[in-house]
Amino acid sequence: MEVEVREISFSDIDEVAEIEKICFSIPWSKELIAQELLNKMAYYQCAIIDGKLVGYMGMWKICDEGHITNVAVLPEYRKKGIASMLISKMIEVCKCSEIYNVTLEARESNLEAIHLYEKFGFESAGKRPNYYQKPTESAVIMWKKIEQ
Ligand SMILES: CC(C)(COP(=O)(O)OP(=O)(O)OC[C@H]1O[C@@H](n2cnc3c(N)ncnc32)[C@H](O)[C@@H]1OP(=O)(O)O)[C@@H](O)C(=O)NCCC(=O)NCCS
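Rules used in this analysis
The numbers attached to residues start from 1 for each chain and follow its sequence in the written order. The predicted nature of this model means local features are confined to residues of pLDDT at least 70 and side-chain atom pairs, given and counted, to a pLDDT of 80 or more, with totals for whole chains, interfaces and linings taken over all residues. Heavy atoms throughout the structure, all of them, feed into the side-chain values; hydrogens and water do not. UniProt positions are given in the numbering used here, feature names are shortened, and annotations may be inferred rather than shown by experiment. For this description, a residue counts as near a given molecule or strand if any of its non-hydrogen atoms is within 4 Å of it. Polar contact is defined as a pair of N or O atoms within 3.5 Å, subject to the rule that within protein one atom must be able to donate a hydrogen and the other to accept it, and that residues adjacent in sequence are counted only when both atoms are side-chain atoms. Only the protein chains shown count as covering a residue, and every accessible area follows the Shrake-Rupley method with a 1.4 Å probe. Starting at the N terminus, helices and strands are each numbered in turn, a helix being any DSSP run of H or I of at least four residues and a strand any DSSP run of E of at least two. We call a residue buried when its accessible area falls under 20% of the maximum for its residue type, exposed when it is over 50%, and partly exposed in between, using a 1.4 Å probe and counting protein chains only. Whether two residues are in contact is decided by their heavy atoms, any of which lying within 4.5 Å being enough.

As annotated in an unreviewed UniProt entry, the protein carries the name [Ribosomal protein bS18]-alanine N-acetyltransferase and comes from Sedimentibacter acidaminivorans. The record held by UniProt for the protein lists under Sequence similarities (unreviewed entry) the comment "Belongs to the acetyltransferase family. RimI subfamily." According to the UniProt record, the Subcellular location (unreviewed entry) comment for the protein reads "Cytoplasm".

So, in structure tokens, the structure goes:
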């Protein structure tokens, strides 16, 4: 299985929106995704298998911090290391962009995601009560220091 990781472009918006609908209870609209691609502080990348966009992730650069916005992989392509490839690439991007710490939030019950981030050295640093809607749930806040 050959996986290409590359930056997202405007021609990918339909596929990214489809992944959003499948993976999240409050999916980002195509308009919001387009806005994100225009955001100069944002970096979005995707994983492609046989020409199909199967996963993507994004990050905002805020001063010397990276804030991960979304990570998602289509259900039939999970547990194959695709999110890991995306995160590894993002860590490389951080190293080239003077980003020293990266943070994200995950639903407390989302053990798949929490395990994924822990595998990359993210550590829990507290909670945001009732941060999520549909269903209402607290977020675990995680941080990782980026070794330059
Ligand atoms: C979380 C998600 C992105 C993981 O993607 P993935 O491509 O399956 O992840 P990988 O195959 O790279 O797995 C990496 C690690 O994640 C953890 N993980 C992934 N799926 C898991 C599962 N079902 N149960 C437990 N741990 C899991 C494991 O630690 C795994 O490492 P291992 O294979 O060495 O055990 C994917 O499940 C997803 O898209 N979920 C829906 C959207 C979402 O919740 N995004 C996160 C928002 S914070």
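K.L.:
What is the right way to read the site of the ligand from this model?
P.N.:
Near the ligand, the surroundings consist of 20 residues, among which Val71, Lys79, Gly81, Ser84 and Asn110 are the closest. A distance of 3.4 Å separates an oxygen atom of the ligand from a polar side-chain atom of Arg78. The separation between an oxygen atom of the ligand and a polar main-chain atom of Lys80 is 3.3 Å. About the coverage of the ligand: the protein hides 76% of its 930 Å² of free accessible area.

K.L.:
Is there a simple way to explain the UniProt feature "domain: N-acetyltransferase" (unreviewed entry) in the protein in this structure?
P.N.:
Sequence positions flagged by UniProt for "domain: N-acetyltransferase" (unreviewed entry) are, in local numbering, residues 3-147. Taken as a whole, residues 3-147 contains 30% helix and 40% strand, while its terminal C-alpha atoms sit 26 Å from one another.

K.L.:
Help me out: how do you make sense of the environment of Glu108 in this one?
P.N.:
Relative to the elements of secondary structure, Glu108 occurs in the loop between strand E5 (101-107) and helix H4 (111-119). Judged by its relative accessible area of 32%, Glu108 falls in the partly exposed class. In this structure the C-alpha to C-alpha distance between Glu108 and Val140, which are 32 residues apart in sequence, comes to 5.6 Å. The residues touching Glu108, leaving out its near neighbours within four places in the chain, are Ile114, Lys127, Glu137, Ser138 and Val140. Within the local environment of Glu108, its side chain forms a polar contact with the side chain of Lys127, the two groups lying 2.6 Å apart.

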